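# Fold and contact review
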Amino acid sequence: MSKRQLGTLMAVNLRLLNPQVTTRARKSGVTGRQLTRKLINQFFLNAVVFLVIYGLPLLNFDLSRLPGAFAFYVGLFGLLAISQSMAGIYNVFFVGRDLGAYLPLPFREADIFMSKLLVVVLNTLPYTVPLLLAFVVTAIRAGIFVVVAVLLAIWGYLLVLAMVLLLCTLLVFSLTKLKGFQAHQNVIMTTLMGLTLLITVAGILLMNTHPVGSAMNADINTPFLPLFRCFTTPLAPISLITWGVLVGTMICLSIVTRRYVLARLANQLTQANSHIVGH
């Protein structure tokens with residue numbers, strides 16, 4: 001697939017990602033490439049907002065000594081990534097019902113899948129960029145050389161983001177097969193988006209009411225402690241094992257996604273869309 005074809009597919013999917021925003025823009029006379037730029041600029045705006053609200057306070061934390069605070073940030077942005085990924089996947093794969101438009105065109109199912117998933121990635125990045133900053137800050141405060149710390153943080157961030165996206169893809173495609181989801185799809189997806197807002201507001205309030213040294217920042221054992229060690233003592237045995245588990249999990253999720261989603265993409269979308277239209 002050429003860059004031009006990929007760009008065309010992504011431009012279409014950008015319009016499906018948030019139908020309400022797309023509709024408002026079109027009503028105001030924004031169309032074509034101008035609409036595409038407007039939708040992309042929204043990602044940058046979201047990223048700036050989240051970096052200012054969540055990212056800047058991180059600079060005052062010595063996260064290398066605060067596994068509790070590290071766990072808080074990983075948990076918060078992990079949930080945000082999950083909810084945004086699920087909503088994005090559902091919108092671009094199912095709500096748009098655009099599969100029929102691609103069938104006469106020279107696109108492989110893998111091309112369609114990749115273009116849609118890349119748009120979901122773009123939608124998820126602004127809400128998880130502070131997580132990347134948390135990884136960087138933790139590694140640098142632990143005394144790791146800056147260049148190594150940044151590369152280590154990027155690697156860890158990409159692994160976590162990839163696993164979230166693959167897991168959400170499997171979950172959404174599985175949900176669309178359930179009769180209960182088909183009957184209450186709008187309620188379920190609205191709940192997910194409401195959860196995103198709730199997590200965001202709760203996170204802001206929690207950071208404003210729990211200063212450094214509070215229970216949130218205490219030196220406690222958390223489920224994210226192995227990941228915490230990856231950025232404070234990256235060459236320790238537990239860290240190397242954790243890296244191996246993360247890579248292995250991503251590979252397994254990739255294989256399952258390829259076998260049970262990508263290989264049956266057209267059939268699954270056709271069946272799911274027929275149920276969606278019926279409701």
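The present account deals with the structure reproduced in this document. None of these values were measured; they are calculated from a predicted model. (Residues numbered from 1 in each chain as written. Predicted model: local features only at pLDDT ≥ 70, side-chain atom pairs only at ≥ 80, totals over all residues. Heavy atoms only, no water.)

Further remarks concern the pattern of salt bridges. Considering all chains together, one arrives at one salt bridge under this definition. The partner of R65 in a salt bridge is D62, and the shortest N-O contact between them spans 3.3 Å. The exposed category is assigned to R65, whose relative accessible area is 63%. (Salt bridge = Lys/Arg side-chain N within 4 Å of Asp/Glu carboxyl O. Buried < 20%, exposed > 50% of the residue type's maximum accessible area, 1.4 Å probe, protein only.)

On the surface, L45, V48, V49, V52, I53, L56 and L59 cluster together into a nonpolar patch covering about 590 Å² of accessible area. Relative to the elements of secondary structure, L56 occurs in helix 3 (residues 32-58). (Patch = residues over 30% accessible without salt bridge, like charges linked within 9 Å, V, L, I, M, F, W, Y side chains within 5 Å. Areas by Shrake-Rupley, 256 points an atom, 1.4 Å probe, with all protein chains shown as cover. Helix = DSSP H or I, 4+ residues; strand = E, 2+ residues; numbered from the N terminus.)

Between helix 3 and helix 6 (residues 109-141), whose axes approach to 8 Å, the crossing angle comes to 25°. The angle between helix 3 and helix 6 places the two elements in the roughly parallel class. Crossing handedness for the pair helix 3 and helix 6: right-handed. When helix 3 is examined against helix 6, the residues F43, N46, A47, F50, L51, Y54, G55 and L58 are found in contact with a partner set consisting of L122, N123, P126, Y127, V129, P130, L133, A134 and V137. Its residues placed into classes, the contact of helix 3 with helix 6 shows 14 nonpolar, three polar and no charged. (Axes fitted to C-alpha atoms, helices over the stretch in contact; angles between N-to-C directions. Parallel < 35°, antiparallel > 145°, perpendicular 65-115°, else oblique. Left-handed = near helix turned anticlockwise from the far one by under 90°. Contact = heavy atoms within 4.5 Å. Nonpolar A, V, L, I, M, F, W, Y, C, P; charged D, E, K, R; others polar.)

Now for the environment of G7. For G7, the location among the structural elements is in helix 1 (residues 3-17). As for G7 and S115, which are separated by 108 residues in sequence, their C-alpha atoms are 8.2 Å apart.

One pass over the full model with this rule turns up ten aromatic pairs. Considering the side-chain rings of F50 and Y127, the 4.9 Å spacing of their centres and the 75° angle between planes classify their relative orientation as edge-to-face. Here F50 is found in helix 3, whereas its partner Y127 is found in helix 6, with 77 residues between them in sequence. Using a relative accessible area of 8% as the deciding quantity, one classes F50 as buried. A centroid spacing of 5.4 Å and a plane angle of 80° characterise the contact between F72 and Y73, whose relative ring orientation is edge-to-face. With relative accessibility at 16%, the residue F72 sits in the buried group. With a relative accessible area of 0%, Y73 lands in the buried category. Here the basic side chain of K116 rests over the ring of F93, its NZ or CZ set 5.8 Å away from the ring centre. (Phe/Tyr/Trp six-rings, centres within 6.5 Å; stacked < 30°, edge-to-face > 60°. Lys NZ or Arg CZ within 6 Å of the ring centre and 35° of its normal.)

This part is about the side chain of S115. Turning to its location among the elements, S115 is positioned in helix 6. A residue is classified by how much of its surface remains accessible, and S115, at 0% relative accessible area, is buried. For S115, the contacting residues outside a window of four places in its chain are L6, L9, M10 and N13.

Here we take up helix 11 (residues 237-260). Helix length check: helix 11, at 24 residues, gives a terminal C-alpha distance of 34 Å against a target of 34 Å (1.5 Å per residue), a fit within 8%. Residues of helix 11 that are buried: S239, T242, W243, L246, L253 and T257. The secondary structure elements touched by the buried residues of helix 11 are helix 6, helix 7 (146-175) and helix 10 (225-232). (Expected span 1.5 Å × (residues − 1).)

To continue, consider the environment of I40. Summarising the element assignment, I40 is placed in helix 3. Looking at I40, the relative accessible area reads 31%, which means it is partly exposed. Expressed as a C-alpha distance, the spacing of I40 and N123, which sit 83 residues apart in the sequence, is 9.2 Å.

Secondary-structure assignment places T242 in helix 11. What makes T242 buried here is its relative accessible area of 11%. Among residues more than four places away in sequence, those in contact with T242 are P226, L227 and C230.

In this section: the nonpolar core. The biggest cluster of nonpolar side chains holds 73 residues, and the ones touching the most others in it are F77, F93, F135 and F231. Contributions of two or more residues to this core are made by helix 1, helix 3, helix 4 (67-95), helix 6, helix 7, helix 9 (185-209), helix 10 and helix 11. When residues of this core are assigned to their parent elements, the largest contribution, 16 residues, is made by helix 4. Residue contacts for F135: discarding those within four places in its chain leaves F70, V74, A153, G156, Y157, L227 and F231. (Core = buried A, V, L, I, M, F, W, Y, C linked by side-chain atoms within 4.5 Å.)

Where helix 1 meets helix 4, the closest approach of the two axes is 8 Å, and the angle between their N-to-C directions is 120°. Crossing hand, helix 1 versus helix 4: right-handed. Contacts between helix 1 and helix 4 involve N13, L16 and L17 from the first element and G88, N91 and V92 from the second. Its residues assigned to classes, the contact of helix 1 with helix 4 shows three nonpolar, three polar and no charged.

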